[in-house]
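# Per-entry structural report
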Amino acid sequence: RVPGRHWVRGLERNWCFQKMAMVGCPEMHIDPNKNRWRFIVDTAYYGGMMDKAAEDMFRLIFLYPFYAFSFYLLWGRLKENDKDNFLAKWRKDE
């Protein structure tokens, strides 16, 4: 065999990222009833019980401390840059 005999075929197979990323995944069908299986598939079960537990932990438990810490950082930056006091020039001191 000659390595460069079908060079266009090699480029087509190796340069198409969508083909490489979707290996083993069935194509979308034009009939929507045949695509219902996509909404039923839960990909976390492919990884086993610990994968599902980690997904639930990040989604249900770690989400709230993440938001709290994010708001704390935002509030800290606002206080540090004195942005919380932007109405001071219109405040009437009585």
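The structure this text deals with has already been given above.
Below, the structure is looked at part by part.

When helices and strands are counted, the protein shows 5 helices and 0 strands. Mapped in sequence order, the helices and strands of the protein form the string α-α-α-α-α. Taking 12 Å as the expected radius of gyration for a compact globule of 94 residues, we find that the protein reaches 27 Å, considerably beyond that expectation. Taking the principal axes of its C-alpha atoms as reference, the protein extends roughly 90 × 40 × 30 Å. Accessible surface for the protein amounts to roughly 9500 Å². Of this, 63% is attributable to carbon and sulfur atoms. Charge centroids of the protein, computed over 16 positive and 12 negative side chains, lie 11 Å from each other.

Moving on: the packing of aromatic side chains. Each aromatic ring pair is described using two quantities: the centre-to-centre distance and the angle formed by the ring planes. Here the structure, examined in full by the defined rule, presents 4 aromatic pairs. Taken together, the ring pairs in this structure connect F69, Y72 and W75 into an aromatic cluster.

With that settled, the discussion passes to a nonpolar patch on the surface. Nonpolar side chains collect at one region of the surface, where M57, F58, L60, I61 and F62 lie side by side and expose about 490 Å² of accessible area between them. One can find F62 in the loop between α4 (49–61) and α5 (63–80). Judged by its relative accessible area of 38%, F62 is partly exposed.

Rules of the game
- Residues numbered from 1 in each chain as written.
- Predicted model: local features only at pLDDT ≥ 70, side-chain atom pairs only at ≥ 80, totals over all residues.
- Heavy atoms only, no water.
- Helix = DSSP H or I, 4+ residues; strand = E, 2+ residues; numbered from the N terminus.
- Rg over C-alpha atoms; globule rule 2.2 N^0.38 Å.
- Areas by Shrake-Rupley, 256 points an atom, 1.4 Å probe, with all protein chains shown as cover.
- Lys, Arg positive; Asp, Glu negative; His and termini not counted.
- Charge placed at Lys NZ, Arg CZ, Asp CG, Glu CD.
- Phe/Tyr/Trp six-rings, centres within 6.5 Å; stacked < 30°, edge-to-face > 60°.
- Patch = residues over 30% accessible without salt bridge, like charges linked within 9 Å, V, L, I, M, F, W, Y side chains within 5 Å.
- Salt bridge = Lys/Arg side-chain N within 4 Å of Asp/Glu carboxyl O.
- Buried < 20%, exposed > 50% of the residue type's maximum accessible area, 1.4 Å probe, protein only.

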